[in-house]
Amino acid sequence: QVQLVESGGGLVQAVGSLRLSCVASGRTFSTSTMAWFRQAPGKEREFVAAISWGGGDTYYGDSVKGRFTISRDHAKNTQYLQMNSLKPEDTAVYYCAADSSGIYNYAQYHYWGQGTQVTVSS
């Protein structure tokens, strides 16, 4: 079993920045792909970013490419999402996910955090 806990969300103005963290505990963390998804009210869960176990491969959704950066620190069992140039459209609950059989589809991830709210104002 793996437990994921997100932190770092909050309220920020447009074009501002936030850094989200996801701390993992339990088995299989270090051997899994990790990702961030987000979900706004009334919307489907959306892929944001993913990173391979070794950190050498990263993937981004089209809407965040060039603005967000995903990274991970194995020593701290933590992954991060650095969000720059934030837009009101980025407002959502952001979820950390781990242990996937794919990359982009949320249904392929086996473990999820509880989510952290990000709100971007104009």
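A. Examining the sheet that holds strand β8 (residues 78-83) more closely. Across the sheet, which stays open at both edges, the four strands sit in the order β1-β3-β8-β7 with antiparallel pairing between neighbours. Because the sheet does not close on itself, it has two edges, and the strands there are β1 (2-7) and β7 (68-73). Strand-to-strand twist of the sheet, defined as the mean angle between neighbouring strand axes without regard to direction, takes the value 15°.

B. The environment of Tyr 80, seen in detail. On the secondary structure map, Tyr 80 appears in strand β8. Between the C-alpha atoms of Tyr 80 and Lys 43, which are 37 residues apart in sequence, the distance is 24 Å. Excluding anything up to four places from it in sequence, Tyr 80 contacts Arg 19, Leu 20, Ser 21, Trp 36, Thr 69, Ile 70, Ser 71 and Asp 73.

C. View of the packing of aromatic side chains. Applying the stated criterion across every chain, the model contains seven aromatic pairs. Relative to Tyr 109, the ring of Phe 37 has its centre 5.3 Å away and its plane inclined at 75°; by these criteria the two rings are edge-to-face. With a gap of 72 residues between them, Phe 37 in strand β4 (residues 34-39) and Tyr 109 in strand β10 (residues 109-112) connect regions that are remote in the sequence. Side by side, Phe 37 and Tyr 109 carry an identical accessibility label, which is buried. Pairing Phe 47 with Tyr 104 gives two aromatic rings, centres 5.0 Å apart and planes at 75°, and the pair type is edge-to-face. Pair noted here: Phe 47 is in strand β5 (residues 46-51) and Tyr 104 is in the loop between β9 (92-100) and β10, with a separation of 57 residues, a long-range link. Taken together, the ring pairs connect Phe 37, Phe 47, Tyr 59, Tyr 95, Tyr 104, Tyr 109 and Trp 112 into an aromatic cluster. In this arrangement the basic side chain of Arg 45 is found over the ring face of Tyr 95, its NZ or CZ atom lying 4.3 Å from the centre. The side chain of Arg 45 reaches across the aromatic face of Trp 112, ending 4.7 Å from its centre.

D. Structural context of the state of the cysteines. Scanning all chains against the criterion turns up one disulfide. Shown here is the disulfide that connects Cys 22 with Cys 96, its sulfur atoms set 2.0 Å apart. The sign of the -80° torsion about the S-S bond sets the Cys 22-Cys 96 disulfide as left-handed. One end of the pair, Cys 22, is in strand β3 (residues 18-26); the other, Cys 96, is in strand β9, and 74 residues separate them in sequence. For the pair shown, Cys 22 and Cys 96 are each scored as buried.

About the thresholds
Residues numbered from 1 in each chain as written. Predicted model: local features only at pLDDT ≥ 70, side-chain atom pairs only at ≥ 80, totals over all residues. Heavy atoms only, no water. Pairing = 2+ DSSP bridges. Helix = DSSP H or I, 4+ residues; strand = E, 2+ residues; numbered from the N terminus. Axes fitted to C-alpha atoms, helices over the stretch in contact; angles between N-to-C directions. Contact = heavy atoms within 4.5 Å. Phe/Tyr/Trp six-rings, centres within 6.5 Å; stacked < 30°, edge-to-face > 60°. Buried < 20%, exposed > 50% of the residue type's maximum accessible area, 1.4 Å probe, protein only. Lys NZ or Arg CZ within 6 Å of the ring centre and 35° of its normal. Disulfide = S-S within 2.5 Å.

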